[in-house]
Amino acid sequence: MRDIKNFSSEPYTGSWSNAQRQHLLNRTIFGSTAKDLKAFENKSLAQCIDEIIEPSPIPSPPVNYYESRVEDTTGVKEGETWIRAPYGDGSINFRRRQSLRYWWVQQMWFQERTIQEKLVLFWHNHFATQLEVYGRARFAYEYQNTIREHSFGNLKPFVKAITLDMAMLDYLNGRENTKESPDENYARELQELFTIGIGEGSDYTQDDVRAAARVLTGHYASKSTQTYRFNGNNHDTEDKQFSEYYDNTVISGRSGQDGQYEVDDLLDMIFSKEEVSRFMVRKFYRFFIYYEIGPKVEAEFIEPMARLFRDNDYEIKPLLKAFFSSQHFYDTAFYGAMISSPLDFMVKTLRHLEPPLPTLEENVYANYSVSGVYMRFAETTQQYIGDPPSVSGWPAYHQTPLYHEIWINSDTYQKRNQSILILMYNEIRRDGYRVVIDVIKYASQFSNPGDPNKLIDEIAETLFSLSIKTELKSKIKTDILLSGQSNDFYWTELWLDYESDPTNVNITLPMEERLKALLLYLMSLPEYQLI
Amino acid sequence: MERRKFLKHVVAGGAAPYFLSGLPLSAFGAINEAALGDDKVLVVIQMAGGNDGLNTVVPIDQYAKYSTNRGNIALKENALLSIPQSDKIGLHPSLAPLGELFEEGKANIIQDVGYPDPNFSHFRSTDIWNTASDSDKQVLSGWAGRYLANNNPDFPNSYPNEQHPDPLSIQIGSVLNTSLQGPVYPMGMAISDPDFFYELLTEEQGETPTTLAEKELAYLRQVAKQTNQYADSIKKAASSVGGQLTYDDESLSQQLKVVARLIAGGLKTKFYFVRIGGFDTHDNQAETGDTSKGEHGDLLAELSNAVLSFTRDLEQLGAQDRVLTMTYSEFGRRIKANGSNGTDHGAAAPMFLFGEFVNSKVFGENPILPSVAGDNESVPMQFDFRSVYASILERWFCVETPQISEVMLQSFQSLPLVQGAPCGFITANEIAEEKELPFKAFPNPVLDFIKLEYLSDGGVNLIQIFNTQGQVIAKPVYAQKPKGWHTDIYDASRFPAGSYFIRWQNNAEQKILKVIKM
């Protein structure tokens, strides 16, 4: 089992082939499709990495798709965004929350070929909040926008922005944290889950948690105006004494509006601890490389990466660059060694199969609600976007000893396969719109789809990081593409017939049926679960 | 209500059930309770590639024509296997093991099964047979799948359940046969191969993982086994079966061995589909010298050995009364052999049924062979394959007529392929001996007009005219006709000169005549 050979954090200079590019894509975007692989085909590692770690622009915001079902009484018209609108009522807020989640899935689905969306998911898991708990759709939009703005930037201002984020202020009781009744909830998680962690090297005390809570008093998110403000009156203006762990730092109390800047002093103190860099690099490691961190990985990879992170003053982008350029990352032991998360599984399937989606102009309701079907596939398999199960994020990213194996049990595994079945058999319908997968178009992107061996080889290479047995490929060729015939030519002939008469249903239907069965079979293999 | 349920209800109710369809119940003879239970099974053997019907069931009444047309793949007359059901046919010698079943009355033959306007593409024709569509129509669901969906409208929601603990159908193979595709979902479970089945039983682990990825694969496979909703019921069924007979090592035998075990283990699965491939015998079909050898002979031997072992195994397991087995292939082959010791894609071909309750005879007559067949000449259909399916639904699964039409998408001729007992029918030939069928077409040869005379027994009468490629080129009669003789005159003057087949059908009877157009 100890088959990791290279632990080095130094830049990778080995073979740069499809296998490496696929690994990079699988781990940084949602699935590596044939198109992705083609786009990277003639690019060097450095070029690929530069593309991957380039931030995408902030997307246009989610809109009112629900008008035809629930009237928006705050004046937001169909197709217009609600993000600056008044709260309205519970029913409208509920629709807006759905709007945001569906929209979020669309961001992943139609992502650029960059790490942006996976990084947003990473940070959502890291700075976890639960939309079902804090409730406000507007907060949820601001929250994920905070993440988008900072995801490639500097960790310290990022943590500050999250600390003052309305969703977080509500979720971890920051808005109730006052000098009269300090609430330690956020102050604890800030250290325990967001920056320093627990365990060795994390010897902050209960008094430190309390002192930090006092520093953070007065920051407030108003539910009525849906805005953030600092209430100087609620701020604790006394000095805050920290423990030996923080070198007995004293954060001087400030009064009036000046009180809001004590948070900067607090973050300066926290970021003076090297442990922040280690804790964060481990977090990246478990999300993007592998869940187990042995002593050798700790010493030879985590430690140098943490140093690099510190040396770059906690700039995230250089860390990502070093991370995905490292020798360790490209060790073949990691190829296909991770179980995809439900969102990864769902979105990569969408990116492979490219089901059509009506545009906002054509049918705004169907555009959102069809995306909602995909969101729900992930939700029912334990990853509900916007709602990790707790402030610790999804257990699969941190829970020993199973980690990502937690995603798969007899219920979720079956549902994953069921979702592919529903998609493949065109059973997604919303508002008169039916999603029809064009499997012929899918097959057409390969080099020689008329050759059943080549077609299966290339599809398998695209879908899986691991190779599947030749005997299995030959069996499914005969069973599925050839309907039991022993001569490959019958498939070739069908494909040639199709090329000369592409609209003849006598040809396209038998082809579609076989291609669907083939994809259904391949996407139900355990190999398809792995990235 | 299904006829069977009605019957069962009546019997169990102890009322005085004298009449069913106007016949006294006693006329049905002994009703086999086991066969009446809800556990009847159809096993379907797909012979993929297009089985050469003329070298499977040889029309020995026209041996000389057969031999001329078949050239160096013609089977020797004295090598053919004769069966008690007919002295007009001889079976391929490789079918010898099936001879036993014919002797015991556990097998039948349906001659020249096909469909109008045959398609010669494997894919298309396979789809036509599986979906039971017309040749020019596209249907996406399968005939058995529609039947299962009809009875299980909520599937797959909350399946398996108490009432349906087992897979509705099982395919041995990577993917379900299209026959089992319901209007929306596949209506069954595929067991990729017998090895997988035994792995499921023994919970055998694959190879020990040596890499990080293999560790996850092993984990996923383990969960996949648990995930298989039917794993428990399959394991339970399989483990309740004691010793099985020895089968040979060929693939079909091994597939049927699994099927026998599951049936005997009491699974309530209705359909099992298995497959034997390789019937696309464009060349090397028969060896020069000994024509009974060669690829076709090998395949038929594999088929017949498998079916015999399967039958004997079911008998010793006590499950024989529950099982009907059917063979089919997407088409037959041309009448004339090609130049490579083989045959090219054709049209109609015989089907076999096996089981305790088959009506053990040869249905239909021998195809009418030309002295010298044209290159494209095929055996025309005598029976529509969909009337075989419909008759099985009716006489084996005891499905009522309206549902049959719904499942089969239209009405088809009902054939007494299965004995009456399972569904409480009286089959025509169980009452009376066959008589010469009353259909005449003359003059022959035809110049322009053709006179069609037929004796209707009431109900729909259908007359179709086929060309030698099996295409329906005219339908002179398709109407309800009262009992008695009827005469129609048809103007065939537009037909090009050549051979034609005229098929008349009325209820369970049909007759094909060959006429020459001058």
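Keep in mind the model is a prediction, meaning the values are calculated, not measured.

Q: Provide a residue-level description of the overall build of chain B, including the pertinent values.
A: For chain B, the count of helices and strands is 14 helices and 21 strands. When the 518 residues of chain B are sorted by exposure, 51% land in the buried category. Sequence-distant contacts in chain B: of pairs separated by 6 or more residues, those separated by 24 or more amount to 72%.

Q: How would you explain the pairing of strand β11 (residues 323-328) of chain B if you had to name every residue and give the values?
A: All names here are of chain B. Of all the 6 residues making up β11, 6 are buried; the element is thus mostly covered by neighbouring parts of the structure. Direction of pairing for strand β3 (residues 41-47) relative to β11: parallel, over a ladder of 6 bridges. Opposite Val43, over in β11, you have Thr325 as the bridge partner. Pairing geometry for β11 and strand β12 (residues 349-354), over 2 bridges, is antiparallel. Looking at β12, one finds that Met326 is bridged to Leu353.

Q: Quick one: what's the story with the domain arrangement of chain B, residue by residue and with numbers?
A: Domain boundaries in chain B define domain 1 (3-434) and domain 2 (436-518). Each side of the interface is counted separately: domain 1 of chain B has 20 residues, and domain 2 of chain B has 15 residues.

Q: Which residues make up the sheet that holds strand β15 (residues 439-442) of chain B, and what values do they have?
A: Residues and elements named next belong to chain B. Pairing is antiparallel across the open sheet formed by 3 strands, whose spatial order is β15-β16-β19. Taken across any chain shown, the strands that pair with only one partner, and hence form the sheet edges, are β15 and β19 (484-491). Sheet twist, expressed as the mean angle between neighbouring strand axes with direction ignored, is 15°. Relative to β19, strand β16 (residues 449-456) is paired through 8 bridges, and the arrangement is antiparallel. Along β19, the bridge assignment pairs Glu453 with Thr487.

Q: Run through the nonpolar core, naming residues and quoting values.
A: Nonpolar side chains in soluble globular proteins tend to end up buried together. Val259, Ile263, Leu324, Val388 and Ile392 of chain B are the most contacted members of the largest nonpolar core, which has 145 residues in total. Apart from residues lying up to four places away in sequence, Leu324 of chain B is in contact with Leu42, Leu353, Gly355, Phe357, Val358, Ile392, Trp396 and Val418 of chain B. Membership of the second largest hydrophobic core comes to 129 residues, among which are Ile52, Tyr335, Tyr384 and Ile408 of chain A.

Q: Requested: an account of unusual backbone geometry, with residues and values cited.
A: In terms of backbone geometry, most residues other than glycine have negative phi values and most peptide bonds are trans. The amide bond that connects Thr400 of chain A to the next residue, Pro401 of chain A, takes the cis arrangement and shows omega of -5°. With respect to the helices and strands, the residue Pro401 of chain A is situated in the loop between α17 (360-380) and α18 (410-424). In this model, Phe442 of chain B is joined to Pro443 of chain B through a cis peptide bond whose omega is 0°. Its place among the elements puts Pro443 of chain B in the loop between β15 and β16. Here Gln382 of chain A, not a glycine, exhibits a phi torsion of approximately 90°, which is positive. At Asp117 of chain B, a position not held by glycine, the phi torsion is positive, near 55°. Position of Asp117 of chain B relative to the elements: it lies in the loop between β7 (107-114) and α5 (122-131). Asp117 of chain B sits in the partly exposed class, given 17 other C-beta atoms within 10 Å.

Q: Now, about the interface of chain A and chain B: what can you tell me, with residues and values included?
A: Each side of the interface is counted separately: chain A has 42 residues, and chain B has 33 residues. Going through the elements one at a time, α18, α21 (470-481), α22 (489-500) and α23 (505-523) of chain A are the ones with two or more residues in the side of chain A that touches chain B. In terms of residues, the side of chain A that touches chain B owes the most to one element, α23 of chain A, which gives 7 residues. Tallied by class, the residues present in the side of chain A that touches chain B amount to 23 nonpolar, 12 polar and 7 charged.

Q: So what about the pairing of strand β2 (residues 227-230) of chain A? Which residues, and what values?
A: All names here are of chain A. Judged from the 4 bridges that link them, strand β1 (residues 219-222) and β2 form a sheet pairing that is antiparallel. Bridged to His219 within β2 is Phe230. Hairpin connection between β1 and β2: a loop of 4 residues separates the two successive antiparallel strands, and Gln226 in this loop has a positive phi of roughly 55°.

Q: Residues and numbers for the packing of α22 of chain A against α23 of chain A, please.
A: Residues and elements named next belong to chain A. The geometry of α22 relative to α23 is characterised by a closest axis approach of 9 Å and an angle of 135° between their N-to-C directions. What the angle tells us is that α22 and α23 run oblique. Along this stretch, α22 crosses α23, giving a crossing that reads as left-handed. Along its contact with α22, which presents Leu494, Asp497 and Tyr498, the element α23 presents Ile507, Thr508, Pro510 and Met511. In terms of residue class, the contact of α22 with α23 is made up of 5 nonpolar, 1 polar and 1 charged.

Rules used in this analysis
Residues numbered from 1 in each chain as written. Chains lettered and ligands numbered in written order. Predicted model: local features only at pLDDT ≥ 70, side-chain atom pairs only at ≥ 80, totals over all residues. Helix = DSSP H or I, 4+ residues; strand = E, 2+ residues; numbered from the N terminus. Buried ≥ 20, exposed ≤ 12 C-beta atoms within 10 Å, placed from the backbone. Contact = placed C-beta atoms within 7 Å. Pairing = 2+ DSSP bridges. Domains from an automatic or database assignment. Axes fitted to C-alpha atoms, helices over the stretch in contact; angles between N-to-C directions. Core = buried A, V, L, I, M, F, W, Y, C linked by C-beta atoms within 7 Å. Nonpolar A, V, L, I, M, F, W, Y, C, P; charged D, E, K, R; others polar. Parallel < 35°, antiparallel > 145°, perpendicular 65-115°, else oblique. Left-handed = near helix turned anticlockwise from the far one by under 90°.

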